[in-house]
Amino acid sequence: MKILHTSDWHVGKRLVGRERLDEQSAVLDEIVDICQREEIELILLAGDVFDTYTPSADAEELFYEKIKKVAGETRAVLIISGNHDDGVRLSSIAPLSQEQGIYVVGNARTPISLKESARPIRPVQSGKGYVVFENGVGERIFVSTLPYPNEARFKEEKSELPYVERMKGWIAEGESGNVENLPSIFMAHIFVAGGSVSEGEREIDLGGARAIPQDALPNSDYIALGHLHKKQRMGGRHCYYSGSPLQYAFDESADKSVKVFCLSKAGVTDFKEVPLTSGKKLIRLRADSVEGAETLLQAYPDAWIELTLQLSAPLTTDDSARLYKHVGLVSLLTEIHTDETLVFESRKGLSDEALFDAYYKSGYGKEPKPSVKTLFLETLAEIEERE
């Protein structure tokens, strides 16, 4: 079976107030083209479909238009909700989307409907946290699904078990459905220990409290991960973060792609990364004068730019206006140097954890205890999930 793995579309996400729906539209069209060219049968979208719980009407319209094209007339799409998604809201489209070959697993991890379908690939078995797909020639694969996990989302009682033990239980629940020992995929929206986080992501491992060790992952043929925007391989097996299709932070590489592979009883074969080239590049520039900055900005007319100016005196209003005439400039940082002292230092881009460390040390003169920091980060995560 020919499969494509993607994640973290974040439809509706802006960059410092700049709209990026045109870029998102272009890159999703590119994924449609890849599906057609590579003769993909099943698409795995591993969470963070939208950027917020309540996406704009324009963002929703774009997603529904493009996901229908991704499914086409012959393909199936399997989606799990991420931490940025309202899993209940996302799952509400199921009665209509399943007729288009689009299947959603949200917070409840409810079984997928097994209605008759004329499509060559369709679900033939499903239970809590898993689904079996069969294609037109009778090949079957098992997919265990884990949307962004916690008790609140899964409507479970608060447990005293460590987070890793709760994760193992949720994983085992889905994996238990593979009674036929079919070729298998584990698809999850989680943070695996050792993953590289970009500046555009909140401190998603919560100081390590929600980092899942690699040895807690199931022994699946392929592990399709979402959550981290930098594409990366975890360990020595077929365990991958596909990464976001666009650059969403200035420290992310412009090297974006989707994963394409075949899965059969022989395991994973013909694995490859297919590049994505749509969207503007995010570039960091530095200059030591306004004139030098203008020259640099003119050299990158089709990019989003974060510019740091190293100056000996504050930037004037007129100079700032001159620079912002360049439409690609989205962030302007200044560092004012005297002969000896750096007067201003930007904290832009620091993680929530780093900001909390700095705040705590400013008040108490020492590092916070790990337990205090974890409590703060968990509380912050719960607040953001409610908003």
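Please read these numbers as outputs of a predicted model, since none were measured by experiment. (Residues numbered from 1 in each chain as written. Predicted model: local features only at pLDDT ≥ 70, side-chain atom pairs only at ≥ 80, totals over all residues. Heavy atoms only, no water.)

A. Region of interest: the confidence of the model for the chain. For the chain, the average pLDDT comes to 89, and 90% of its residues sit at 70 or higher. A low-confidence stretch, residues 341–345 (pLDDT under 50), is modelled with nine contacts involving residues beyond four sequence positions or located in other chains. (pLDDT = per-residue confidence, 0-100. Contact = heavy atoms within 4.5 Å.)

B. Quick peek at the pattern of salt bridges. Within the structure shown, the criterion is met by 24 salt bridges. Among the ionic pairs, K230 bridges to D251, the shortest N-O distance being 3.6 Å. Of this pair, K230 sits in the loop between β9 (222–226) and β10 (232–233) while D251 is found in the loop between β11 (239–241) and β12 (256–264), placing the two residues 21 residues apart along the sequence. Residue classification places K230 among the partly exposed residues on the basis of a relative accessible area of 21%. Put simply, K231 and D255 hold a salt bridge, and the shortest N to O gap is 3.0 Å. Of this pair, K231 sits in the loop between β9 and β10 while D255 is found in the loop between β11 and β12, placing the two residues 24 residues apart along the sequence. Here the salt bridges do not stand alone but share partners, grouping D29, E65, K66 and K69 into one network. (Salt bridge = Lys/Arg side-chain N within 4 Å of Asp/Glu carboxyl O. Helix = DSSP H or I, 4+ residues; strand = E, 2+ residues; numbered from the N terminus. Buried < 20%, exposed > 50% of the residue type's maximum accessible area, 1.4 Å probe, protein only.)

C. Focus on the packing of helix α7 (residues 290–298) against helix α8 (residues 317–324). Remark: α7 packs on α8, axes separated minimally by 10 Å, with the N-to-C direction vectors making an angle of 10°. With respect to their mutual orientation, α7 and α8 come out roughly parallel. Together, V290, E291, A293, E294 and L297 of α7 and D319, R322 and L323 of α8 make up the contact between the two elements. Class assignment for the residues of the contact of α7 with α8 results in four nonpolar, no polar and four charged. (Axes fitted to C-alpha atoms, helices over the stretch in contact; angles between N-to-C directions. Parallel < 35°, antiparallel > 145°, perpendicular 65-115°, else oblique. Nonpolar A, V, L, I, M, F, W, Y, C, P; charged D, E, K, R; others polar.)

D. Highlighting the sheet that holds strand β3 (residues 76–80). With mixed pairing, the six strands of this open sheet are ordered in space as β4-β3-β2-β1-β12-β13. With one partner strand each, in any of the chains shown, β4 (102–105) and β13 (267–276) form the two edges of the open sheet. This sheet shows a mean twist of 20° between the axes of neighbouring strands, independent of strand direction. Relative to strand β2 (residues 42–45), strand β1 (residues 2–6) runs parallel, the two being bridged by four bridges. Across the sheet, the residue bridging to L4 is I43, located in β2. In the packing of helix α1 (residues 21–37) onto the sheet, contacts are made with β1, β2, β12 and β13, and the angle to β13 comes to roughly 145°. (Pairing = 2+ DSSP bridges.)

E. Spotlight on the nonpolar core. Counting residues in each nonpolar core, the largest one holds 33 residues, and the members touching the most others are L4, W9, V11, F63, I67 and I79. If you list the elements that add at least two residues to this core, you get α1, β2, α2 (57–71), β3, β4, β12 and β13. Element by element, the count of residues in this core is highest for α1, at seven residues. Setting aside anything within four residues of it in sequence, one finds V11 in contact with L21, Q24, L28, V49, F50, D51, A59, L62 and F63. Counting residues in hydrophobic clusters, the runner-up holds 24 residues, among them A76, I80, I185 and Y240. (Core = buried A, V, L, I, M, F, W, Y, C linked by side-chain atoms within 4.5 Å.)

F. Representation of the side chain of H189. Positionally, H189 belongs in strand β8 (residues 184–189). Taking the relative accessible area as the measure of exposure, H189 reaches 0% and is therefore buried. One polar contact links the side chain of H189 to the main-chain carbonyl oxygen of A46, over a distance of 2.9 Å. Within the structure, H189 has its side chain in polar contact with the side chain of D48 (distance 3.3 Å). (Polar contact = N/O pair within 3.5 Å; in protein donor to acceptor, adjacent residues only side chain to side chain.)

G. Just the environment of G138, in detail. By the secondary structure assignment, G138 is in the loop between β6 (130–134) and β7 (140–146). Note: C-alpha distance between G138 and D352 (214 residues apart in sequence) is 49 Å.

H. Representation of the packing of aromatic side chains. The full count for this structure, using the stated rule, is 11 aromatic pairs. Ring centres of Y163 and W170 lie 6.4 Å apart, and the angle between their planes is 75°; this geometry places the pair in the edge-to-face category. Relative to F271, the ring of Y222 lies with its centre 6.5 Å away and its plane at 40°, an arrangement referred to as tilted. Taken together, the positions of Y222 in strand β9 and F271 in strand β13 put the pair 49 residues apart, joining distant regions of the chain. With a relative accessible area of 0%, Y222 lands in the buried category. An aromatic cluster of three or more residues is present, and its members are W9, F50, F63 and Y64. We note K13 situated over the ring of Y248; from NZ or CZ to the ring centre the distance is 5.9 Å. (Phe/Tyr/Trp six-rings, centres within 6.5 Å; stacked < 30°, edge-to-face > 60°. Lys NZ or Arg CZ within 6 Å of the ring centre and 35° of its normal.)

I. Inspection of the pairing of strand β14 (residues 281–287) at higher detail. Taken together, the seven bridges between β14 and strand β15 (residues 303–311) define a ladder with parallel strand orientation. When the sheet's bridge partners are listed, R284 is paired in β15 with E306. The handedness of the β14 to β15 crossover, carried by α7, is right-handed. (Right-handed = clockwise from strand over helix to strand, strands pointing away.)

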